[in-house]
Amino acid sequence: MSRSRREFLRAAGTLLGAGLLRDVLASPGTVPGAMAGMPMRATAARLAAPKRPLVNPATLAPFVDPLPLPARARPVGQRAHPAWPGRLLPCYRMEMRAFAARLHRDLPPTPQWGYAGSAPGPTIEVERDQPVLVEWANALPARHFLPIDHTIHGAEADKPEVRAVTHVHGARVPADSDGWPEDWYVPGRSALSRYPNAQDAATLWYHDHAMGITRLNIYAGLYGAWLVRDAQERALGLPSGDCDVPLFLCDRLVGRDGQLYYPVSDDPAAPWVMQCQGNAVLCNGKLFPYLDVEPRRYRLRLLNVANSSFFELALTHGLAFQQIGSDQGLLPAPVERSQITLYPAERADVVVDFAGLAGQRVQLQLHGGGILEFRVGDRGRRDDSVLPLRLRSVPRLDIAAAHDRVLTLGEMDDADGNALRMLLDGKHWSDPVSERPHAGSVETWSFVNLSGDAHPVHLHLVRFQVLDRRPFDLFAWNARRQLKYTGPAQPPPPHEAGWKDTVRADPGMVTRIAVRFEGEPGRYVWHCHLLEHEDNEMMRPYELLPG
Ligand code: C2O
Ligand code: CU
């Protein structure tokens, strides 16, 4: 091969314009034929050229559509649950269904799938320690509109095409309500889940988790916010109400006909590709929207809900973000940042102060290009919000007696070194459960990244602290399975010093986290949150044993 598939896909991934993408797709390269009789393909496929012409976002008028703000979900009634005898709990019903919406004023409507027929779906707002029930109903069509790879585990041709199961990312939930990937159900069916909400205020999100097709279901639009609120956070006086705005960021490949295009390999029998990068970046489901703001403080909840892109965000006018929270709620203190990088599934809560900018148009920029415009009005209500110097205490976990697990992040390659699938600790999804922590115990997990990419690793059920990242000798590992460090451990920066549920594991590094396994015993999962990896074996079960 003149160019490895990995370099090839990476090069394609850094491009934003559709024209540039076409140039790369047309570049030469040969692929050795697949070996006959193999149960799974033995050679990696190439990225195929899109079958429809893609939009060139640079030709669209920017900032002509208002930023959509997700509706607030309302309970449909009250319902009893055996887990809380003698109580009636608010019950929501969230129906997944097909809909069409314009991503931009000048594009035809885009067919999508969404909770309550919108993407992002309605926001579920809960109060700490007040349990709720949600009936997640699959009312999707019978056929999928994105390319399923039937060679992927869990998505075989004998499985129904359209399957769904919802997981609330970051929620401390009993195993029966966590959205086990194999507990999917077909159109016409639903699942009732219970959420104790016994956790600190945080920006969580719900999304599909169906085995082998999560990347397609989320790409189709199946995601929304789940906000936990509590008295402690409320007492701080942070910007609230309409000055507390969720911002879902994701990228999509959008055709000129408005259709979503999902990238495929050049092998129609095995269309999986190892990453998916778009030509259009959507904020709350819109391309280049604007938001009218007042010259005062706002709280923005930034969520990266992309399949595999990371986002480097900044503001114009010399404005900085005051980051107040990460995945699992408030940081110890605000951290001023001129740029914020978010990997898939990571969140950052920030305060941005538009005071003194009346009449200006401030942009939220991604890799230097505007993706959202804030139009600062020349008048506003008195700003009585505050940005406290201290937000909350985050006591460090005591790891003196912690059990340490060394877990590799790697890929299974073909003879040319191109990835066929991704693995955690060299194991497949269906291998026996190997991570079995006891409830209440503290463990450290060391992610040894053997691959050339950063992977955002997520554990269900728990929150954790980032301990450090440390470079290691890959050759010593490969030769003798020996962990030989080649430099000092790097402590996490201040914006990673709070509670997290997804951590970026850099290539060439051992990334260490400390976890207290709090929750009900049962089966949960941990996985890479690059959805293409998660779907192709980079997900493993873990079992929480009784304490
Ligand atoms: Cu965002 Cu397994 O989840
Ligand atoms: Cu990964």
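The rules we used
- Residues numbered from 1 in each chain as written.
- Chains lettered and ligands numbered in written order.
- Predicted model: local features only at pLDDT ≥ 70, side-chain atom pairs only at ≥ 80, totals over all residues.
- Heavy atoms only, no water.
- Donors = N, O, S within 2.8 Å, 3.2 Å for Na, K, Ca; no water.
- Buried < 20%, exposed > 50% of the residue type's maximum accessible area, 1.4 Å probe, protein only.
- Pairing = 2+ DSSP bridges.
- Helix = DSSP H or I, 4+ residues; strand = E, 2+ residues; numbered from the N terminus.
- Axes fitted to C-alpha atoms, helices over the stretch in contact; angles between N-to-C directions.
- Disulfide = S-S within 2.5 Å.
- Polar contact = N/O pair within 3.5 Å; in protein donor to acceptor, adjacent residues only side chain to side chain.
- Contact = heavy atoms within 4.5 Å.
- Core = buried A, V, L, I, M, F, W, Y, C linked by side-chain atoms within 4.5 Å.
- Lys, Arg positive; Asp, Glu negative; His and termini not counted.
- Salt bridge = Lys/Arg side-chain N within 4 Å of Asp/Glu carboxyl O.
- 1 Å grid on protein atoms, 1.4 Å probe; cavity = no way out; pocket = protein on both sides within 12 Å on 5 of 7 lines; lining within 4 Å.
- Points joined across faces, edges and corners; volume = space filled by probe spheres on them.

Draft legend 1. Up close: the coordination of the copper ion (ligand 2). Taken together, the protein donors to the copper ion (ligand 2) comprise H455 (ND1), C528 (SG) and H533 (ND1), at separations of 2.0 to 2.1 Å. Positions of the donor residues of the copper ion (ligand 2) along the chain correspond to the pattern H-x72-C-x4-H. Of the two residues examined, C528 and H533, each falls in the buried class.

Draft legend 2. Highlighting the sheet that holds strand β27 (residues 455-459). Taken together, the four strands give an open sheet; going across it, the order is β29-β27-β31-β32, and neighbouring strands pair in antiparallel fashion. The open sheet is flanked by β29 (502-505) and β32 (539-544), the only strands paired with a single partner. Taking the axes of each pair of neighbouring strands and ignoring which way they run, one obtains an average angle of 25° across the sheet. Of the strand pairs in this sheet, β27 and β29 are connected by four bridges, and their pairing is antiparallel.

Draft legend 3. Structural view of the state of the cysteines. Using the criterion set out here, one finds zero disulfides in the structure. Cysteine C243 is unpaired, with the sulfur of C283 as its nearest cysteine sulfur at 18 Å. Take C283: it sits in no disulfide, and the sulfur closest to it among the cysteines is that of C250, at 8.7 Å. On the basis of relative accessibility, which here comes to 0%, the residue C283 falls in the buried class.

Draft legend 4. How the structure looks around unusual backbone geometry. Here the amide bond leading from A119 into P120 is cis, since omega sits at 0°, within 30 degrees of zero. Along the polypeptide, P120 turns up in the loop between β4 (110-115) and β5 (121-127). Backbone geometry places D425, a non-glycine residue, at a positive phi of 55°. The residue D425 is located in the loop between β25 (419-424) and β26 (442-449) in this model. Judged by relative accessible area, D425 falls into the buried class, the value being 18%.

Draft legend 5. Summary view of the environment of E346. Take E346: it is sitting in the loop between β20 (339-342) and β21 (347-353). With 126 residues separating them in the primary sequence, E346 and A220 have C-alpha atoms 20 Å apart. Separated by 2.8 Å, the side chain of E346 and the backbone nitrogen of Y343 make a polar contact. A polar atom in the side chain of E346 sits 2.7 Å from the side chain of K500.

Draft legend 6. A look at the sheet that holds strand β23 (residues 369-376). Overall, mixed pairing links the six strands, which are arranged β1-β15-β23-β22-β17-β20 in an open sheet. Strand pairing shows two members of the sheet lacking a second neighbour, β1 (65-66) and β20, which therefore form its edges. Across four bridges, strand β15 (residues 289-293) lies against β23 in parallel orientation. Bridge pairing links D292 to R375 in β23.

Draft legend 7. Representation of the side chain of H533. With respect to the helices and strands, H533 occurs in helix α6 (residues 531-535). Residue H533 is classed as buried on the basis of its relative accessible area, which comes to 2%. Contact partners of H533, with chain neighbours within four places excluded, come to M274, M422, H455, C528 and M538.

Draft legend 8. Main features of the nonpolar core. Ranked by size, the top nonpolar core spans 98 residues in total, and within it I124, W136, W226, L313, F354 and F374 carry the most contacts. It is strand β11 (residues 244-254) that provides the largest number of residues to this core, a total of seven residues. Excluding residues within four positions of it along the chain, L313 makes contact with L249, L302, F321, S338, Q339, I340, L342, L364, Q365, L366 and I371.

Draft legend 9. View of the side chain of D230. Take D230: it is sitting in the loop between β10 (223-229) and α4 (231-234). One buried charged residue, D230, forms no salt bridge at all, with the nearest opposite charge on R128 at 4.3 Å.

Draft legend 10. Looking closely at the pairing of strand β7 (residues 166-169). Here β7 shows two buried faces, one formed by T166 and V168 and the other by H167 and H169. Inspection of the sheet shows β7 paired to strand β9 (residues 202-208) by four bridges, in the antiparallel sense. When the sheet's bridge partners are listed, V168 is paired in β9 with Y206.

Draft legend 11. Quick peek at the pairing of strand β18 (residues 321-326). In terms of burial, β18 is a largely internal element, six of the six residues being buried. Two elements, β18 and strand β19 (residues 329-337), share five bridges in a ladder whose sense is antiparallel. Across the sheet, Q322 pairs through a bridge with E336, a residue of β19. Strand direction decides the pairing type here: β18 and β21, joined by three bridges, are antiparallel.

Draft legend 12. Region of interest: the layout of surface pockets. In this structure, the second largest pocket encloses a volume near 360 Å³. For the second largest pocket, the lining is made up of 16 residues, of which L69, G241, D242, D244 and P246 are closest to its centre. Among the elements that line the lining of the second largest pocket, the one with the most residues is β11, at three residues.

Just distances and angles here, no functional claims.
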